[in-house]
Amino acid sequence: MGSSEERVVAVIMVGGPTKGTRFRPLSLNIPKPLFPLAGQPMVNHPISACKRIQNLAQIYLIGFYEEREFTLLVSSISNEFRVPVRYLREDKPHGSAGGLYNFRDLIMEENPSHIILLNCDVCCSFPLPEMLDAHKRYGGIGTILVIKVSPESANQFGELVADPDTNELLHYAEKPETFVSDRVNCGVYIFTPDIFMAIQGVSTQQKSRATLRRLSSFEALQPANRSLPAGFVRLDQDILSPLAGKKKFFVYETMDFWEQIKTPGMSLKCSGLYLAQFRHTSPHLLASGDGLKKASISGDVFIHPSAKIHPTAKIGPNVSISANARIGAGVRLVSCIILDDVEIKENAVLIHAIIGWKSSIGRWSRVQASGDHNAKLGVAILGECVAVEDEVVVVNCIVLPNKTLNIRISVVAMNSLPLLSLIRKIWEYVH
Ligand code: GDD
């Protein structure tokens, strides 16, 4: 139970448009935080989780996308959740801690006792009330959600060591080259307002900071000779690394699901994880074969109410169908995200695929991939307005927007080729 003097503010870091982003071609149309997972914009999932917090005063989204990109979402979410949601635009990237610090005066106007900070591009059950209770027990300035991952994958994240008895954060290394720990930072934090003092301390020391050790995803996308903007502070390496072992930060370990959403392939996996979560949290959002649409449904499926599904289609598991999609007779969909206004004609088969807005798939066509979400071409992706003509087979491909595919297209031995040259190759092929 929260006490009456508690006031919680949630901040979701949504980032911004960056060249060469790994979320292309889907991010050519829509900011990544708005891409639908399980039929809801990615950012809606952490926002829904914040609703479970008592005394939640305000949710801020902080990013460097144009303000207009978030206008619709902010107004619809504020109405739906009855908690004020506001988008705060940074003039330039300030880093995950710098972005928060940039708006400290505004955030502190709410007089919060606690600040929840969430990375937008993670998929998890966000156990925020449990974390908040643990944070209050620990008495530090910050509590970090952590998870155990395989030792092979740990170096993609912030690795950390904590005291098994007190849960104090003892050591933190961001994406280290040599193995430190299989416990990693989930990008979900709870702070007291003292976090601003910690960030301020780092900002003032910034000029004397030694050369950068590990790059965040944002920095890795910048040209090598470009210096970091002034006031750029990273939560992980600039705050957590130096303050580990000083009784300031503690960890809370989740045993539930957690993934990072950096690529379209991972978005398909995460869509499935959120659909599975709906079984417990929002069963009304899951389609059943007994409804008006009467298609054959297996496993977890979301169908937007405006989509038209032929009764002889077979759909699922892990399928999400967005607004105004039309699914024809005899169509088979397995593990797919079908975006707005897509048409899938009779007897087409789609397996492990994401089909972009306003695309069309011809009769008896097939679009499929292996379903390895970590492989570069493990999920077939069609950008906006791609037309696959009748009886065409598309295997292991990423297709840029506005292309017509009228012959069989398949990419093999994809692991040996960098993604961009592959995209170029496919582009030339279909042009
Ligand atoms: N507003 C804003 N401004 N958001 C930012 C900025 C910025 O300047 N820089 C990054 N972000 C957002 C991103 O959109 C993302 O949601 C989050 O902050 C973290 O992004 P990165 O700093 O690029 O780090 P990362 O995703 O490679 O790794 C971080 O998250 C992992 C968990 O997903 C690290 O904290 C890792 O240790 C951690 O394991």
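Quantities reported herein were computed from a predicted structural model and do not represent experimental measurements. (Residues numbered from 1 in each chain as written. Predicted model: local features only at pLDDT ≥ 70, side-chain atom pairs only at ≥ 80, totals over all residues. Heavy atoms only, no water.)

> Is there a simple way to think about the sheet that holds strand β23 (residues 360-361) in this case?
Pairing between the strands of a sheet is mediated by backbone hydrogen bonds and can be parallel or antiparallel. Across the sheet, which stays open at both edges, the six strands sit in the order β16-β19-β21-β23-β26-β29 with parallel pairing between neighbours. The outermost strands of the open sheet, each flanked by one partner alone, are β16 (308-309) and β29 (404-405). When strand β19 (residues 326-327) meets strand β21 (residues 343-344), the two strands line up parallel, connected through two bridges. In the sheet register, Ile327 faces β21, and the bridge partner there is Ile344. (Pairing = 2+ DSSP bridges. Helix = DSSP H or I, 4+ residues; strand = E, 2+ residues; numbered from the N terminus.)

> Which parts of the structure should I look at to understand the side chain of Glu174?
Checked against the element boundaries, Glu174 lands in strand β10 (residues 169-174). A polar side-chain atom of Glu174 sits 3.0 Å from a polar atom in the side chain of Lys175. (Polar contact = N/O pair within 3.5 Å; in protein donor to acceptor, adjacent residues only side chain to side chain.)

> Help me understand the environment of Ala198, please; the structure alone is not making it clear to me.
Relative to the assigned elements, Ala198 resides in helix α6 (residues 195-205). Residue class for Ala198 comes out buried when judged on its relative accessible area of 16%. A sequence separation of 101 residues divides Ala198 from Ala97, and the C-alpha atoms of the two residues are 9.8 Å apart. (Buried < 20%, exposed > 50% of the residue type's maximum accessible area, 1.4 Å probe, protein only.)

> Please clarify how the pairing of strand β9 (residues 158-162) should be interpreted in this entry.
Remark: a regular strand shows side chains that alternate across the two faces of the sheet. Pairing of β9 with β10 involves five bridges; the strand directions are antiparallel. Within β10, the residue paired with Ala162 across the bridge is Leu169. Remark: six residues form the turn of the hairpin made by β9 and β10, two consecutive strands paired antiparallel; Asn167 in that turn has positive phi of roughly 65°.

> Whenever I open this one, the nonpolar core confuses me. Can you help?
Inside soluble globular proteins, nonpolar side chains tend to come together where they are buried. Counting residues in hydrophobic clusters, the biggest one holds 67 residues, and the most contacted among them are Phe35, Ile59, Leu61 and Leu128. Considering each element in turn, this core owes the most residues, six residues, to helix α9 (residues 264-281). Lining this core are residues from two domains, each supplying at least three of them: domain 1 (4-260) and domain 2 (264-430). (Core = buried A, V, L, I, M, F, W, Y, C linked by side-chain atoms within 4.5 Å. Domains from an automatic or database assignment.)

> I keep staring at the pattern of salt bridges and nothing clicks. Help me out?
When their charged atoms lie close together, side chains carrying opposite charge are able to pair. Scanning all chains against the criterion turns up 18 salt bridges. The residue Arg89 makes a salt bridge to Glu66 at a minimum N-O spacing of 3.9 Å. With Arg89 in strand β5 (residues 85-89) and Glu66 in the loop between β4 (56-63) and α2 (68-81), the pair connects residues that are 23 residues apart, well separated along the chain. Residue class for Arg89 comes out partly exposed when judged on its relative accessible area of 37%. With a relative accessible area of 38%, Glu66 lands in the partly exposed category. Measuring nitrogen to oxygen at the nearest pair gives 2.7 Å for the salt bridge that ties Asp300 to Arg279. One end of the pair, Asp300, is in the loop between β14 (296-297) and β15 (301-303); the other, Arg279, is in helix α9, and 21 residues separate them in sequence. Relative accessible area serves as the criterion here: at 13%, Asp300 is assigned to the buried category. Three or more residues joined by partner-sharing salt bridges are found here, namely Lys148, Asp182, Arg183 and Glu253. (Salt bridge = Lys/Arg side-chain N within 4 Å of Asp/Glu carboxyl O.)

> So what exactly am I meant to see when it comes to unusual backbone geometry here?
Trans peptide bonds make up most of the peptide bonds, and negative phi angles are found at most residues other than glycine. Residue Pro25 is bonded to the preceding Arg24 through a cis peptide linkage, with omega at 5°. Structurally, Pro25 can be placed in the loop between β1 (8-15) and β2 (36-37). In this structure, the amide linkage connecting Gly316 to the following residue, Pro317, adopts the cis form with an omega of 0°. By the element assignment, Pro317 lies in the loop between β17 (314-315) and β18 (319-321). Located in the positive-phi region is Lys358, a residue other than glycine, with phi close to 65°. On the secondary structure map, Lys358 appears in the loop between β22 (349-355) and β23. Its identity as a non-glycine residue notwithstanding, Glu391 has a phi of 60°, on the positive side.

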